[in-house]
Amino acid sequence: MHDAPPSSEAELAAGQAKRLQEAVESLFACCQTRIALQSERFDLPPAAMRALIALGETRYLAPGELGRRLGVTKSRVTALTADLTRRGLIERRPDPADARVTLLSLTPAGKRVREEVREFLAGLFAAMLGQVDPAQREALLASLDMLRRCMDVVRADITG
């Protein structure tokens, strides 16, 4: 049995919005599952993996800047960096320009783990894209870019 075709543009738009909601919720659930599997695979909490990626983008990073990049509180950064230090993945050193500031950087072990995570993710996303007909890949990527822009606009409207 099929639903009756929409009788107005408003019904069509409402139906499309519902399909978008279902698709985004399904993608979100899929991403949560992937993050959990990735966390288990590397024996690191998701925030720790994000921190390793962020710390690998620059030679040194102050804890406050790391918190801003990750979107977490100062206390969360403190706990996160303590755990990563304990694991031997990051090190702290005083800022040569300001002894009051501590700088964070990856250790050689942290660089190795970061590279493993990046390779894992690259393979994962390449495998996903491999499921798409090559002739449709650019259209898919353009649609995802458009979705991200739309989400950014709506978020800005909501947050003022």
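The name given to the protein chain in an unreviewed UniProt entry is MarR family transcriptional regulator, with Solidesulfovibrio carbinolicus as the source organism.

A. Structural view of the packing of aromatic side chains. Summed over all chains, the structure comprises one aromatic pair. Consider the rings of Phe 42 and Phe 120, whose centres lie 5.7 Å apart with planes at 75 degrees: the pair is edge-to-face. Residue Phe 42 is located in helix α1 (residues 9-42), and its partner Phe 120 is located in helix α5 (residues 108-130); the two are separated by 78 residues in the primary sequence.

B. Representation of the domain arrangement of the protein chain in the model. Assigned domains within the protein chain: domain 1 (10-43) and domain 2 (44-159). Relative placement of domain 1 and domain 2: their C-alpha centres are 21 Å apart. With nine residues of domain 1 in contact, the opposing surface of domain 2 contributes 12 residues. Buried area between domain 1 and domain 2, both sides added, is near 990 Å², and the carbon and sulfur share of it is 73%. Among the residues domain 1 hides against domain 2, the three largest losses belong to Arg 34, Gln 38 and Phe 42. Together they make up 51% of the total. Our enumeration of links across domain 1 and domain 2 arrives at one salt bridge. One salt bridge in this structure joins Arg 87 and Asp 43, with 3.9 Å as the shortest N-O distance. Scanning the region where domain 1 abuts domain 2 turns up three residue pairs in polar contact (both at pLDDT 80 or more). Per-class residue counts for the side of domain 1 that touches domain 2 are four nonpolar, two polar and three charged.

C. Region of the structure containing unusual backbone geometry. Its identity as a non-glycine residue notwithstanding, Asp 43 has a phi of 55 degrees, on the positive side. Residue placement: Asp 43 occurs in the loop between α1 and α2 (46-55). Residue classification places Asp 43 among the exposed positions, given a relative accessible area of 56%.

D. Representation of a nonpolar patch on the surface. Among the surface-exposed residues, Leu 140, Leu 141 and Leu 144 lie close enough to one another that they form a single nonpolar patch of about 220 Å² accessible area. Examined against the element boundaries, Leu 141 turns out to sit in helix α6 (residues 137-159). With a relative accessible area of 34%, Leu 141 lands in the partly exposed category.

E. Highlighting the side chain of Thr 81. By the secondary structure assignment, Thr 81 is in helix α4 (residues 74-86). Discounting chain neighbours no more than four positions away, the residues touching Thr 81 are Leu 66, Ile 90, Arg 92 and Leu 104.

F. Spatial organisation of the UniProt feature "domain: HTH marR-type" (unreviewed entry) in the protein chain. The UniProt record marks residues 13-149 with the feature "domain: HTH marR-type" (unreviewed entry), using the residue numbering of this structure. For residues 13-149, the helix share is 71%, the strand share is 11%, and the end-to-end C-alpha distance is 19 Å.

G. Quick peek at α4. An ideal rise of 1.5 Å per residue puts 18 Å on 13 residues; α4 measures up with 18 Å between its terminal C-alpha atoms. Those residues of α4 that sit buried are Val 77, Leu 80, Thr 81, Asp 83 and Leu 84. The buried residues of α4 occupy an angular sector of 160 degrees when the element is viewed end-on, so they sit on one face. The exposed residues of α4 that point more than 90 degrees off its buried face are Ser 75 and Arg 86. Buried-residue contacts for α4 involve α2, α3 (63-70), β1 (90-95) and β2 (98-106). With its phi angle positive at about 80 degrees, Gly 88 sits one or two positions after the end of α4.

What counts as what
- Residues numbered from 1 in each chain as written.
- Predicted model: local features only at pLDDT ≥ 70, side-chain atom pairs only at ≥ 80, totals over all residues.
- Heavy atoms only, no water.
- Phe/Tyr/Trp six-rings, centres within 6.5 Å; stacked < 30°, edge-to-face > 60°.
- Helix = DSSP H or I, 4+ residues; strand = E, 2+ residues; numbered from the N terminus.
- Domains from an automatic or database assignment.
- Contact = heavy atoms within 4.5 Å.
- Buried area = accessible area lost by both parts, 1.4 Å probe.
- Salt bridge = Lys/Arg side-chain N within 4 Å of Asp/Glu carboxyl O.
- Polar contact = N/O pair within 3.5 Å; in protein donor to acceptor, adjacent residues only side chain to side chain.
- Nonpolar A, V, L, I, M, F, W, Y, C, P; charged D, E, K, R; others polar.
- Buried < 20%, exposed > 50% of the residue type's maximum accessible area, 1.4 Å probe, protein only.
- Patch = residues over 30% accessible without salt bridge, like charges linked within 9 Å, V, L, I, M, F, W, Y side chains within 5 Å.
- Areas by Shrake-Rupley, 256 points an atom, 1.4 Å probe, with all protein chains shown as cover.
- UniProt positions renumbered as here; feature names shortened; annotations may be inferred.
- Expected span 1.5 Å × (residues − 1).
- Arc of directions from axis to C-beta.

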